[in-house]
Structures are given as structure tokens and as C-alpha cells.
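Architecture at a glance
As a plain string of letters, each chain reads:
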Amino acid sequence: MDAPAPLQSAADEQDDITIARREYEDENVITVDFGRDVEAHLDIVGNTAIVVAGDRQFEFEIPDEATDVTTNDGMLVITE
């Protein structure tokens with residue numbers, strides 16, 4: 001699973017946003033860190049995730065293969 005396009009574009013354009021992908025035996029995890037001292041807040045409406053991180057907002061369709069989308073320690077976590 002790849003990071004949703006709006007998040008990948010933001011990470012490509014802004015140095016403070018980083019995306020990490022981890023593959024484990026039973027799951028894959030994408031973690032998006034929006035920068036130092038920036039808390040991410042998540043709202044899900046239907047199949048759309050809305051993330052507010054500081055003064056920025058990101059919206060994306062939740063990937064079909066995602067089993068969980070949440071925040072943890074201010075970071076967005078997408079689990080497959």
C-alpha cells in the first residue's frame with residue numbers, strides 16, 4: 001500500500017512532513033509525521049479521511065486495503 005496521493009505530494013513539497021512505511025509479518029503500516037510539535041487530528045466521513053495538522057488540512061479516500069486509520073502521538077497511522 002502506498003501513501004495516499006495528497007499526503008505523498010505534501011511530503012514531496014514540504015521538508016517537515018515525513019512518511020515512513022513499515023512491513024511486518026502480519027501487517028503493513030504507513031506513518032505520516034506532520035512535523036515537530038504538530039498534532040494531527042483525524043475525522044472520517046464515509047470513505048474520506050480528513051486530517052487537520054496544525055494549520056493544514058488534507059483529505060483523501062481511505063485505501064480499500066486499509067484496515068485501520070487513526071492517529072497516535074500526533075501522527076497519522078494507516079494500517080493494512
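To keep things clear, this report deals only with the structure shown in the data block. Note that the structure is a prediction, hence the values are computed from the model and not measured. (Residues numbered from 1 in each chain as written. Predicted model: local features only at pLDDT ≥ 70, side-chain atom pairs only at ≥ 80, totals over all residues. Heavy atoms only, no water.)

1. Considering the overall build of the chain
As a reminder of what qualifies: Put simply, DSSP H or I for four residues or longer makes a helix, DSSP E for two residues or longer makes a strand, and each gets a number counted from the N terminus. Here the globule rule is a power law, 2.2 Å times the number of residues to the power 0.38, and the radius of gyration is based on C-alpha atoms. Only protein chains enter the accessibility calculation, which uses a 1.4 Å probe; a residue is then buried when its area is under 20% of its type maximum, exposed when over 50%, and partly exposed in between. Contact between two residues is taken to exist if any of their heavy atoms lie within 4.5 Å; hydrogens are not considered. Note that accessible areas follow from Shrake-Rupley with a 1.4 Å probe, and for residues the cover is restricted to the protein chains shown. Positive charges come from Lys and Arg alone, negative charges from Asp and Glu alone, with His and the N- and C-terminal ends not counted. For the purpose of locating charges, the reference atoms are NZ of Lys, CZ of Arg, CG of Asp and CD of Glu.
Within the chain one finds 1 helix and 7 strands. Listing every helix and strand of the chain by position from the N terminus yields α-β-β-β-β-β-β-β. Here the C-alpha atoms of the chain give a radius of gyration of 12 Å, agreeing with the 12 Å that 2.2 N^0.38 yields for 80 residues. Considering only C-alpha atoms, the chain reaches an extent of 35 × 25 × 20 Å along its principal axes. Sorting the 80 residues of the chain into buried and exposed places 36% on the buried side. In the chain, the share of contacts with a sequence separation of at least 24, taken over all contacts with a separation of at least 6, comes to 41%. Carbon and sulfur atoms form 39% of the exposed surface of the chain, whose accessible area is close to 5,100 Å². Averaged over its 4 positive side-chain charges, the chain has a centre that lies 9 Å from the centre of its 21 negative ones.

2. Side note on the sheet that holds strand β1 (residues 18-23)
In a beta sheet, neighbouring strands are held together by backbone hydrogen bonds and run either parallel or antiparallel to one another. Basically, it comes down to this: Two strands qualify as a pair provided that DSSP identifies no fewer than 2 bridges between them. Each axis is a line fitted through C-alpha atoms, taken for helices only over the stretch in contact, and angles between the N-to-C directions span 0 to 180 degrees.
Spatially, β1-β2-β7-β6 is the arrangement adopted by the 4 strands of the open sheet, whose pairing is antiparallel. At either end of the open sheet lies a strand with only one pairing partner, and these are β1 and β6 (68-72). If you compare each strand with its neighbour and ignore which way they point, the axes differ by 20° on average. Bridge count between strand β2 (residues 28-33) and strand β7 (residues 75-79): 4 bridges; the pairing is antiparallel. The partner of V29 across the bridge, within β7, is T79. Contacts from helix α1 (residues 5-13) reach β1, β2 and β7 within the one sheet, and its direction differs from that of β1 by about 125°.

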